[in-house]
Amino acid sequence: MNEENWFAYLDNVASAEDSTIAAHLKSCSACRETVELMRSVDQALLDSSATLRAGVPVGNPAIAAAKEKALARLGSHSLSLRLGSLYLLLAPMCGVETSTRAICAAAYRVSAGSPRLLEDRSWLGFVEHLHSIVATLCGEPAAQLVRERGMRLQQEAA
Amino acid sequence: MLEAPNIPETEAVATFLRDKSEQAFAALFEILYPKVLRYFILRGTPDAVAEELAQDVLTAVYRHSDALRDRQLFFGWLFRIARNQLLQHVRKHHRKDADTIAIDDLDTQSAGRMRTEQRIAGSFREWLAPLEPQERQIMMLRYIEELGYQEIATALNIPLGTVKWKIFRSKAKLTETLKGSRKETEPLETSDERRKLVRIPG
């Protein structure tokens, strides 16, 4: 019998040597007493922690409010990922400076003020404005690619 | 608002890890939020901070679920994130090296504004009082968060053998407490012993 199997037995976790341990306990009163005491400790800990295990009582409205906050945070995270994706597409075609300016101008046109303040509901409008700005600055093929990527990102997020 | 169906915990975890959709996350959030909140409250964090930290933990779960290598250890991973968030919070607000602070002892600092759950925790804490801070942390994860050995090892980033040994050692220490409390409540057997306590007039 190894130590590990004893630990498991005392903690009520099944192990391969359970029957060997049980057989030993039949003939050894000292070990039997130890096991009995350990099990009593286990029970006392279970009893005294029962209410805590049931969880902190949180009302459904509180959970719903917390969930909405968390989802809003994830929404802004998802928007920044989408913006990053569009930027990575634009930068090799139009250059770093032009891409940054185009994205900022498109965000401004949907009243976001800055790409950071962009909201999920204004995403499609933002993509349309970006399309027209990129068409003017870098040509229609690049603008078309931007629109397609923007639409696809919106679908993926939904 | 995303409406989450009423589904069991393990199913919610499995669905989220498979789909990683906001819908699945919303369902998981409803199940896990009270547990994560309890984790922080029982470690002495004020309510408003506990709520904020619980949201941080769950959004981290959403963002970093790809980093979870073994799905069986989801809860160990979840409470590891919770522990890290708590350590970060402690570092920021106590301006000490967080490694020198026993998280488990934080609740003594908020004794004046204990809420019901912390008072209920009293008897459990009394039981754990003879243990060392790390042993108490392990026992709390075992008995309150109901984590398995391997999950505790993941949550605390310690070897599995250490977890097993510490649980065994903790219980062995607590048998002494149990023996002591049994002696106190044992009925006095002899009339001499009874007389020592009861004064008979005349």
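First, a word on scope: everything that follows refers to the structure included in this document. Quick caveat, the model's predicted, so the values are computed rather than measured. (Residues numbered from 1 in each chain as written. Chains lettered and ligands numbered in written order. Predicted model: local features only at pLDDT ≥ 70, side-chain atom pairs only at ≥ 80, totals over all residues. Heavy atoms only, no water.)

Some thoughts on the overall build of chain B
Helix and strand counts for chain B come out as nine helices and zero strands. Sequence-ordered secondary structure for chain B, helices as α and strands as β, is α-α-α-α-α-α-α-α-α. A fraction of 59% describes how many contacts in chain B between residues 6 or more apart in sequence connect residues 24 or more apart. Looking at chain B as shown, the accessible area adds up to about 10800 Å², and 49% of this sits on carbon and sulfur atoms. (Helix = DSSP H or I, 4+ residues; strand = E, 2+ residues; numbered from the N terminus. Contact = heavy atoms within 4.5 Å. Areas by Shrake-Rupley, 256 points an atom, 1.4 Å probe, with all protein chains shown as cover.)

Focus on the pattern of salt bridges
All names here are of chain B. Considering all chains together, one arrives at 13 salt bridges over all chains under this definition. Two residues, D19 and R18, come together in a salt bridge whose shortest N-O distance is 3.1 Å. Taking the relative accessible area as the measure of exposure, D19 reaches 41% and is therefore partly exposed. Accessibility expressed as a relative area gives 58% for R18, which makes it exposed. Here R38 makes a salt bridge to E145, at a shortest N to O gap of 3.6 Å. One end of the pair, R38, is in helix α2 (residues 22-41); the other, E145, is in the loop between α6 (133-143) and α7 (149-156), with 107 residues separating them in the sequence. (Salt bridge = Lys/Arg side-chain N within 4 Å of Asp/Glu carboxyl O. Buried < 20%, exposed > 50% of the residue type's maximum accessible area, 1.4 Å probe, protein only.)

Concerning the state of the cysteines
Residue and element names in this part refer to chain A. Summed over the entire model, instances satisfying the criterion amount to one disulfide over all chains. Disulfide pairing is shown between C94 and C138; the S-S distance is 2.4 Å. With C94 in helix α4 (residues 60-94) and C138 in helix α6 (residues 123-138), this residue pair connects regions lying 44 residues apart in the sequence. For C94, a relative accessible area of 14% gives the class buried. Free cysteine: C28, not disulfide-bonded; nearest cysteine sulfur from C31 at 3.5 Å. (Disulfide = S-S within 2.5 Å.)

A closer look at helix α3 (residues 47-64) of chain B
Taking 1.5 Å per residue, 18 residues should reach 26 Å; α3(B) reaches 25 Å between its end C-alpha atoms and fits that length. Within the sequence span of α3(B), burial applies to A50(B), L53(B), A54(B), Q55(B), V57(B), L58(B), T59(B), A60(B), V61(B) and Y62(B). (Expected span 1.5 Å × (residues − 1).)

Side note on empty space enclosed by the protein
Overall, the coordinates contain two cavities of 30 Å³ or more when judged by the stated rule. Every residue along the wall of the second largest cavity is listed here: F7(A), L10(A), D11(A), Y149(B), K164(B), I167(B), F168(B) and K171(B). The set of elements that each furnish at least two residues to the lining of the second largest cavity consists of α1 (3-10) of chain A together with α8 (160-185) of chain B. For the lining of the second largest cavity, the element with the most residues is α8(B), which contributes four residues. Along the lines of polarity and charge, the residues of the lining of the second largest cavity split into five nonpolar, no polar and three charged. (1 Å grid on protein atoms, 1.4 Å probe; cavity = no way out; pocket = protein on both sides within 12 Å on 5 of 7 lines; lining within 4 Å. Points joined across faces, edges and corners; volume = space filled by probe spheres on them. Nonpolar A, V, L, I, M, F, W, Y, C, P; charged D, E, K, R; others polar.)

Thoughts on the environment of L130(A)
Residues and elements named next belong to chain A. Position of L130 relative to the elements: it lies in helix α6. Assessed through its relative accessible area of 0%, L130 is described here as buried. Taking the C-alpha atoms as reference points, L130 and V146, 16 residues apart in sequence, are found 7.7 Å from one another. Sequence-distant contacts of L130, defined by excluding residues within four places in its chain, comprise L86, L90, A102, I103, A106 and V146.

Comments concerning the interface of chain A and chain B
Between chain A and chain B, the residue contacts involve 36 residues of the former and 45 residues of the latter. When the two sides are added together, the surface that chain A and chain B hide from each other amounts to roughly 3900 Å², 69% of it contributed by carbon and sulfur. Linking chain A to chain B there are two salt bridges. A salt bridge links K171(B) to D42(A), with the shortest nitrogen-to-oxygen separation between them at 3.3 Å. At the junction of chain A with chain B, the criterion picks out six residue pairs in polar contact (both at pLDDT 80 or more). Of all the secondary-structure elements, those providing two or more residues to the side of chain A that touches chain B are α1, α3 (29-53) and α4 of chain A. Tallying contributions element by element places α3(A) first for the side of chain A that touches chain B, with 14 residues. Considered class by class, the residues forming the side of chain A that touches chain B number 21 nonpolar, six polar and nine charged. (Buried area = accessible area lost by both parts, 1.4 Å probe. Polar contact = N/O pair within 3.5 Å; in protein donor to acceptor, adjacent residues only side chain to side chain.)

Nothing here speaks to function; it is geometry throughout.
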